[in-house]
Amino acid sequence: MTDETRYVYDPTRAVDPLGDLEEEAEKAAKRNRAKVGSARPSSLLYTYGPGSIMDLPQFTVMPTGLDDWDRIWRRRDSPPLTIHAPRLREVVRMMLRSPDVQLRPHPWQPKKHSRSAEGNDLGVPARVFPQWLRCTGCDMLGMLSQFDYKNTHPFRTDLATFEHTKCTGRAGSRARGTMRRPAVPARYLLACADGHLDEFPYELWVHRGQPCSRAEMPALKMEDRTAGKGASAVIICASCDMRRPMNEAQGEAGKAKLPQCRGRHPHLDAFEPKGCRNTTKLMLVGASNLWFPATQSIIVMPESQQEKEEDLADRIRTSLGDKLAKYRANLDMIRDLLEDRVDVTQVSDHELAQAVEAAVAPPATVEEQEEKIRDWDPVDLLVPEWRYLLGDFTGSRDEDSKSGLTLAKRQRGQRLQPEITRVLAVERLRKVNALVGFTRIDDMDRVGDLPRRLAPLTRTPRPAWTVATEDRGEGIFLQLDEDKVAAWEKHILDTGLWYAHREAHHRNFERRFSETAGQVNPDSRLKPPRYWLVHTFAHILIRELALTCGYSAASLSERLYAWPAADGREPAAGLLICTTASDSDGTLGGLVQLSDPARLERVVASALRKARRCSSDPVCAMRVPQDPEDFLHGAACHCCVMASETSCERANRFLDRRFLLDLPASNLGYFTTNE
């Protein structure tokens, strides 16, 4: 996708679920608007964002692009809320190639009680997708318009359904009359590697690309009476009796029988203006690789003086727009224009003048932007967090009211492993997560040419905002001894085990990396040994902490700081185990309590002791990937180390217990224990 991309669509069909309220009110027509479903903010970001398919009890819907969300925001006289996270906002602007992007929460407002009306004018717009449905009574396959929508109970979302009102049953006999039967989504779709998604062309499929010989609008059926995996259905034309099984569309042989991609973005109600040259792939509605979010996140830290100055200049620029250049020399006028927009009452004239000059500076050229994107490393988001967590603060507690971050020093217990040099109780933290796009078929880290593969969130090439969430919670921060980590890492790089992991990563990369991505050196995607060490340590801690902290293991997540020194960046070896929630003001303190020296000693000792043995040993303890194997873990399995996908930032890759401890037939462990 380039900056010049324009998507072809009909603006009169923009999705606005409540847009006809006034028209219906004038007609005095009654219309059922009972609720049909809801989702948590985190799931709307990581699982059911724009372009994904959300399962409701009786049918599926697709949240639309952010253009349609603007229609929801405009119902309010006040400007939309924004989330303040300048460091993340700058990265999002860079990735979206739009200089004015703001971070906004989901359009939602809490209710005082279940029957109150607050926030009824807000919500995430969505359309029913796929729009081919199958009757559960007679197997009729038809478009959405051929079925009736029923939703009668305002507090029973599971009763909202589409029905076939004249179903005769599978026998086709009308002796017993017709009845109403629910319809379910026809579960087949077509997707391409560039993020396009389309309905499956059932009519063309059953007639092998030709029109029906007996009817202009043929009657289709989908028979699916087996419980097997994959495409087990058969498409039947009741008008001409032609049949074709869906399993012909599967596998390599099936690719040649599928049509070329039309370049459709159903969440934008748009098509690529120049079409798409990709081949399509058969997908199921519930497939896990149908939608992968591309997100960035930060732990909000107190801003440096430079960050404050840059943020002030940015707010002045976005608030004043074209007026800024006109009145740049008149600071009094600037102050008047900024009233009720940007608080500059505590800003001196000198500081304001500097901010204005920075705000009117020319933006970076396209070439400079592209170079910045190529050189950007996701680690850059973690570096400021690492530096602040290592910083020394006066007293035993440091609280920043603006960022919400509250840190407390913890003494090292006498029996705590000497390889751990620093412990902090993170009593309060704020994590901001932003969506920059999504991919299909391949996950974000399998894509090398992001500008091409990242599906857009809006029809406009330069979006004004993107959706973000704020999570609040608590955590424990641990720092490892850098000198010991560096010496250990140098030793690991010369071992046969590391060579085997490196070769397995090469095989994995070559086989599974997106075939449409550019040439990328596999070694640039391989995490260094210290990352494997910190990652494995975080997983065993999550397992042990979950036993006593009061939160489930799936509620705990890791944030890893593990990189060697490079390009002026100081090395890092540490981890933050935290629990956060986006729909509450914080957590209960159960995790922070375990940072107490005596308790942490027991947690770490117990976690390391349990990591020595796995119920799958000796197979697990001696697992080394050998050609042609390409898995990205060693002595690690679901019995000993692996965690849920909500906890792990790398989908359980780059794990090996041998990097933690000396297991049988290995002497590679970082930690020394008494056993």
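Before reading on, note that the structure itself is shown above.
First things first, this report covers the structure right here in the doc. (Residues numbered from 1 in each chain as written. Predicted model: local features only at pLDDT ≥ 70, side-chain atom pairs only at ≥ 80, totals over all residues. Heavy atoms only, no water.)

1. Comments concerning empty space enclosed by the protein
Scanning the model with the defined rule gives one cavity of 30 Å³ or more in all. Roughly 40 Å³ of internal volume is contained in the largest cavity. As for the largest cavity, its lining consists of Ile476, Leu478, Leu541, Leu545, Leu575, Ile577 and Leu600. At the level of secondary structure, the elements contributing two or more residues to the lining of the largest cavity comprise strand E22 (465-480), helix H16 (529-545) and strand E24 (572-581). Residues of the lining of the largest cavity, tallied by class, amount to seven nonpolar, no polar and no charged. (1 Å grid on protein atoms, 1.4 Å probe; cavity = no way out; pocket = protein on both sides within 12 Å on 5 of 7 lines; lining within 4 Å. Points joined across faces, edges and corners; volume = space filled by probe spheres on them. Helix = DSSP H or I, 4+ residues; strand = E, 2+ residues; numbered from the N terminus. Nonpolar A, V, L, I, M, F, W, Y, C, P; charged D, E, K, R; others polar.)

2. Notes on the sheet that holds strand E17 (residues 281-284)
Taken in spatial order, the three strands of this open sheet run E11-E10-E17, and their pairing is antiparallel. Each edge of the open sheet is held by one strand with a lone partner, namely strand E11 (197-199) and E17. If you compare each strand with its neighbour and ignore which way they point, the axes differ by 40° on average. (Pairing = 2+ DSSP bridges. Axes fitted to C-alpha atoms, helices over the stretch in contact; angles between N-to-C directions.)

3. Remarks on the packing of helix H7 (residues 305-320) against helix H9 (residues 331-338)
Contact geometry for H7 and H9: axes closest at 11 Å, N-to-C directions at 75°. What the angle tells us is that H7 and H9 run roughly perpendicular. Touching Ile316, Ser319 and Leu320 of H7 are Ile334, Leu337 and Leu338, all from H9. Residues belonging to the contact of H7 with H9 are distributed by class as follows: five nonpolar, one polar and no charged. (Parallel < 35°, antiparallel > 145°, perpendicular 65-115°, else oblique. Contact = heavy atoms within 4.5 Å.)

4. Let's talk about the side chain of serine 557
Relative to the helices and strands, serine 557 is located in strand E23 (residues 557-563). If we ignore the near neighbours within four places in the chain, the residues touching serine 557 are Ile542, Leu576, Ile577, Cys578, Thr646 and Ser647.

5. Description of the pairing of strand E8 (residues 161-167)
Counted residue by residue, E8 has five buried out of seven residues, so it is predominantly covered. Pairing geometry for strand E7 (residues 148-150) and E8, over three bridges, is antiparallel. Opposite lysine 150, over in E8, you have threonine 161 as the bridge partner. As defined by bridge partners, E8 adjoins strand E9 (residues 179-185) across four bridges and the pair is classed as antiparallel. When the bridges of E9 are listed, histidine 164 appears paired with arginine 181. (Buried < 20%, exposed > 50% of the residue type's maximum accessible area, 1.4 Å probe, protein only.)

6. Focus: the nonpolar core
By size, the foremost hydrophobic cluster in this structure holds 57 residues, and its most contacted members are Leu480, Phe537 and Phe671. Within the residue set of this core, elements represented by two or more residues are strand E21 (420-439), E22, helix H14 (482-492), helix H15 (496-512), H16, E23, E24 and helix H18 (597-611). Not counting residues within four places of it along the chain, the set of residues in contact with phenylalanine 671 comprises Gln417, Glu419, Ile420, Leu480, Leu533, Phe537, Leu608, Leu660 and Leu661. (Core = buried A, V, L, I, M, F, W, Y, C linked by side-chain atoms within 4.5 Å.)

7. Observations regarding the sheet that holds strand E12 (residues 220-223)
With respect to topology, eight strands assemble into an open sheet ordered E7-E8-E9-E5-E6-E12-E13-E14, the strand pairing being antiparallel. Edge positions in the sheet fall to E7 and strand E14 (243-245), since each of these pairs with one other strand and no more. Averaged over all neighbouring strand pairs, the angle between strand axes comes to 35°, with direction disregarded.

8. Points about the pattern of salt bridges
Applying the stated criterion to the full structure yields 45 salt bridges. Here aspartate 139 makes a salt bridge to arginine 134, at a shortest N to O gap of 3.1 Å. Of the charged contacts in the structure, one is a salt bridge between arginine 264 and aspartate 198, with a shortest N-O distance of 3.1 Å. With arginine 264 in strand E15 (residues 264-265) and aspartate 198 in strand E11, this residue pair connects regions lying 66 residues apart in the sequence. No difference in accessibility class separates arginine 264 from aspartate 198, as the two residues are buried. It is possible to trace a salt-bridge network through shared partners that takes in Arg89, Glu90, Arg93, Asp100, Asp311, Asp314, Arg315 and Arg317. (Salt bridge = Lys/Arg side-chain N within 4 Å of Asp/Glu carboxyl O.)

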